Amino acid sequence: MTNHWTNLRRTRLSRRSMLRASARAGVGAAGLALVGCGDDDDDDQQSVAQAQQQDQDQQQAMQDQDQQQAMQQQQAQQQQAMQQQDQAEQQAMQQEQQEQSAAEAQAQQEEEQAVADDNIDYNATAIGAYGAFPQILDQGSALARGGQSASNNYHFGAVFPLDPFGSAVPGGLAEWEFVGAEALIVRMNEGRTFHNGDAVTAEDIKFTIDRLTGKAEYNPEYNSAWTGELSWTGDNELLDENTLRIEQGAPSVDAANSLALGGFPVFPKT
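Keep in mind the model is a prediction, meaning the values are calculated, not measured. (Residues numbered from 1 in each chain as written. Predicted model: local features only at pLDDT ≥ 70, side-chain atom pairs only at ≥ 80, totals over all residues. Heavy atoms only, no water.)

Peer 1: Account for the packing of aromatic side chains, naming residues and giving values.
Peer 2: Counted under the stated rule, the structure contains two aromatic pairs. Each ring, one from Phe-160 and one from Trp-176, has its centre 4.8 Å from the other, and the planes form 50 degrees; the classification is tilted. You can see Phe-160 sitting in the loop between helix H3 (29-118) and strand E1 (174-179) and its partner Trp-176 sitting in strand E1, a full 16 residues away along the chain. What makes Phe-160 buried here is its relative accessible area of 1%. The exposure class of Trp-176 is partly exposed, given its relative accessible area of 24%. For the pair Phe-207 and Tyr-218, a centre-to-centre distance of 6.3 Å together with 15 degrees between the ring planes defines the contact as stacked. (Phe/Tyr/Trp six-rings, centres within 6.5 Å; stacked < 30°, edge-to-face > 60°. Helix = DSSP H or I, 4+ residues; strand = E, 2+ residues; numbered from the N terminus. Buried < 20%, exposed > 50% of the residue type's maximum accessible area, 1.4 Å probe, protein only.)

Next up, the structure:
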């Protein structure tokens, strides 16, 4: 009997096997009850162990997943940093290439300009040509007026300068003074010359007005561009070399302004 129970302890027995063995050995009801209770404890311990193992497996799986996500995130950050570095290097390279190209273009332009400067003849004569318009180059003629006039106010100065509001002001070839509504006195300023250095005199002003109003004896049929602007003028009288009296045939408050209009040409008599 002793050997039989010893063998039972060494072997894991099911409840049914234990009952059979107990019946053959003559174990009572109390013994059977103890056997039943012992088997339930083993099942509970096994369930707890399985639950603990499952928890450990789940925790390990979560840890593995967290580690994998951390590694993936780290790899993504490293890849992004490398891309940003590559972009910065490319931008720096492009900037350097642009600066180098601009410097080369500037150097080439300066070299070409230097060559061009060496080939300039500053003593050369420039000749300009007009087409069919204007028909003549006489600045006082109606045929010479227009947007492409040969002079365009660059070669002949008016008697008086104009302010920005279109009114005659002092400081030009001459000064002026009204004698009531009868006449306009023109007094020449010193130091005013034509392009060739000859002094501008009151006689030149008289010659110009007579020519533009058709009063010149040598050309009474002159087709003047200034007939309307100078319609107020009457006879002109030289008081001295630098003073001219212009009678007002038709009194006009714009008498001085008409001698200051842009393009009014003062011609030398000689």
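Peer 1: Give me the side chain of Thr-201: which residues, what numbers.
Peer 2: Inspection of the secondary structure puts Thr-201 in the loop between strand E2 (183-188) and helix H4 (202-212). The buried category is assigned to Thr-201, whose relative accessible area is 16%. Setting aside residues no more than four positions away along its own chain, Thr-201 makes contact with Met-188 and Glu-241. (Contact = heavy atoms within 4.5 Å.)

Peer 1: So, the sheet that holds E2: which residues are in play, and what are the values?
Peer 2: The antiparallel open sheet is built from four strands, whose spatial order is E1-E2-E4-E3. Pairing within the sheet leaves two strands with one partner each, and these edge strands are E1 and strand E3 (233-240). Geometrically, the sheet is characterised by an average inter-axis angle of 20 degrees between neighbouring strands, direction not taken into account. As judged from the six bridges shared by E1 and E2, these two strands associate in the antiparallel manner. Its bridge partner being in E2, Val-179 is matched across the sheet by Ala-183. Against the sheet, H4 engages E2, E3 and strand E4 (243-248), with an angle of about 165 degrees to E3. (Pairing = 2+ DSSP bridges. Axes fitted to C-alpha atoms, helices over the stretch in contact; angles between N-to-C directions.)

Peer 1: Explain H4 to me, using residue names and the numbers behind them.
Peer 2: Along an α-helix, residues three or four positions apart point the same way, because every turn accommodates 3.6 residues. Of all 11 residues in H4, nine are buried, a share of seventy percent or more. Residues of H4 that are buried: Ala-202, Asp-204, Ile-205, Phe-207, Thr-208, Ile-209, Asp-210, Arg-211 and Leu-212. Lining the buried residues of H4 we find E2, E3 and E4. In the segment just after H4, Gly-214 is the residue with positive phi, at about 75 degrees.

Peer 1: An account of the pattern of salt bridges is requested, with residue identities and associated values reported.
Peer 2: Inspection of every chain in the model, using the stated rule, returns five salt bridges. The partner of Arg-187 in a salt bridge is Glu-177, with the nearest N and O atoms 2.8 Å apart. Pair noted here: Arg-187 is in strand E2 and Glu-177 is in strand E1, with a separation of 10 residues, a long-range link. The exposure class assigned to Arg-187 is partly exposed, which follows from its relative accessible area of 40%. For Glu-203, the salt bridge identified is with Lys-269, shortest N-O distance 2.7 Å. On the criterion of sequence distance, the pair formed by Glu-203 in helix H4 and Lys-269 in the segment after helix H5 (255-258) is long-range, its members being 66 residues apart. Assessed through its relative accessible area of 35%, Glu-203 is described here as partly exposed. Taken together, the salt bridges that share partners define one network made up of Glu-182, Arg-245 and Glu-247. (Salt bridge = Lys/Arg side-chain N within 4 Å of Asp/Glu carboxyl O.)

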